[in-house]
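Topology and contacts: notes
What follows is each chain in one-letter form.
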Amino acid sequence: MAIGMAQLFGFHFLTNFRRPYLASSITDFWHRWHISLSSWLRDYLYIPLGGSRNGELRTYRNLIITMLLGGLWHGASWNFVIWGGYHGILLSVERAFRRPFRKDKSPSRRSSKLLYPIRAILTFALVTIGWVFFRAANLKDSTYVISQMFSGPAGSRLIPAWELYMILITLLLALIEERHGWFNRVVVAPAWVYGSVCAMLLLVIELIGYTEAAVPFVYFQF
């Protein structure tokens, strides 16, 4: 929204979020999420610490230290320390598992495309778990929410079934669009196609996004 409104006045901002929830890995997520912050952490913390130049173990250490400090940048709280350390560990584990496959210079593009939805959903789930610590007021609340996520009462449902189905359909369409660029085609499509898609999106936002509760913007606290 900020980028679009700025363009109305002739200003062009760099993209800072590039569909991060469609990332296929934690590394890919941090290439898409808060790109300006990710670049700063890389250039002024990770690389000065040694980056990936001094062996794998030191690379893992540098990743974890960088993300821990990135967590503390958001606030002096154990929640942010855990959130940063969590992502640092995920990045390290991901790098360790990817290491045996680096020598393969020609991976199958077909298998990569087939695995993309699974990898994207797994990445989304891991990122969502981390957001609990980022968003909760304190460590006690975080542990309570995490415990409920994995051991909640059987049969309970936080949202109606039809909303869940719509969310799943929307996620599937988003994953397909990420690979085929449908939205870019819609922009240059005939007016009736463009208008129909906009109307459908507004309807989905109205059905799913409406809430009577006041939801403060999370970054106001920083």
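The coordinates are above.
Before going into details, it helps to say that this report is about the structure given with it. (Residues numbered from 1 in each chain as written. Predicted model: local features only at pLDDT ≥ 70, side-chain atom pairs only at ≥ 80, totals over all residues. Heavy atoms only, no water.)

**Thoughts on the overall build of the protein**
- The helix and strand tally for the protein stands at ten helices and zero strands.
- Along the protein, from the amino end to the carboxyl end, the secondary structure elements read α-α-α-α-α-α-α-α-α-α.
- Looking at the protein as a whole, 29% of its 222 residues qualify as buried.
- Here the contacts in the protein between residues at least 6 apart in sequence split such that 57% fall between residues at least 24 apart.
- Of the roughly 15900 Å² of accessible surface on the protein, 69% is carried by carbon and sulfur atoms. (Helix = DSSP H or I, 4+ residues; strand = E, 2+ residues; numbered from the N terminus. Buried < 20%, exposed > 50% of the residue type's maximum accessible area, 1.4 Å probe, protein only. Contact = heavy atoms within 4.5 Å. Areas by Shrake-Rupley, 256 points an atom, 1.4 Å probe, with all protein chains shown as cover.)

**Here we look at the packing of aromatic side chains**
- With the rule as written, the count across this model stands at 14 aromatic pairs.
- With 6.0 Å between their ring centres and 55° between their planes, Y21 and W33 make a pair best called tilted. You can see Y21 sitting in the loop between α1 (2-8) and α2 (26-32) and its partner W33 sitting in the loop between α2 and α3 (35-49), a full twelve residues away along the chain.
- Accessibility expressed as a relative area gives 36% for Y21, which makes it partly exposed.
- The exposure class assigned to W33 is buried, which follows from its relative accessible area of 11%. (Phe/Tyr/Trp six-rings, centres within 6.5 Å; stacked < 30°, edge-to-face > 60°.)

**A short note on the packing of α3 against helix α4 (residues 56-74)**
- Following both chains from N to C, one finds α3 and α4 inclined at 135°, their axes separated by 10 Å at the closest point. Relative to α4, the element α3 lies oblique. Crossing geometry of α3 relative to α4 is assigned as right-handed. Only T59, R61, N62, L63, I65, T66, L69, G70, W73 and H74 of α4 make contact with α3, whose side of the interface consists of L37, L41, L45, Y46 and L49.
- For the contact of α3 with α4, the residue count by class is nine nonpolar, five polar and one charged. (Axes fitted to C-alpha atoms, helices over the stretch in contact; angles between N-to-C directions. Parallel < 35°, antiparallel > 145°, perpendicular 65-115°, else oblique. Left-handed = near helix turned anticlockwise from the far one by under 90°. Nonpolar A, V, L, I, M, F, W, Y, C, P; charged D, E, K, R; others polar.)

**A look at α4**
- End to end, α4 covers 28 Å across 19 residues, agreeing with the expected 27 Å (1.5 Å per residue, within 8%).
- Residues E56, T59, Y60, N62, L63, T66, M67, G70, G71 and H74 constitute the buried set of α4. (Expected span 1.5 Å × (residues − 1).)

**A look at unusual backbone geometry**
- Even without glycine at this site, R19 takes up a positive phi of about 45°.
- Looking at the element boundaries, R19 is found in the loop between α1 and α2.
- On the accessibility criterion, R19 (35% relative accessible area) is partly exposed.
- Of note, the phi angle at H34 is positive, near 40°, even though the residue is not glycine.
- On the basis of relative accessible area, H34 is assigned to the buried category, the value being 13%.

**Some words on the side chain of S38**
- Within the secondary structure layout, S38 lies in helix α3.
- The class for S38 is buried, based on a relative accessible area of 15%.
- Residues within four places of S38 in sequence aside, it is in contact with W30 and W33.

**Notes on the nonpolar core**
- Counting residues in each nonpolar core, the largest one holds 20 residues, and the members touching the most others are I26, F29, W30, W83, L91 and W131.
- Secondary-structure elements contributing two or more residues to this core are α2, α4, α5 (78-98) and α6 (109-135).
- Considering every element that reaches this core, the biggest residue donor is α6, with six residues.
- If we skip the residues at most four places from it in the chain, F29 touches P20, Y21, A23, H87, V127 and W131. (Core = buried A, V, L, I, M, F, W, Y, C linked by side-chain atoms within 4.5 Å.)

**Describing α3**
- Along its 15 residues, α3 runs 20 Å from first to last C-alpha, staying within 8% of the 21 Å computed at 1.5 Å per residue.
- Of the residues making up α3, those classed as buried are L37, S38, L41, L45 and Y46.
- Where the residues of α3 are buried, they touch α2 and α4.
- Remark: G50 follows α3 within two positions and exhibits a positive phi of approximately 125°.

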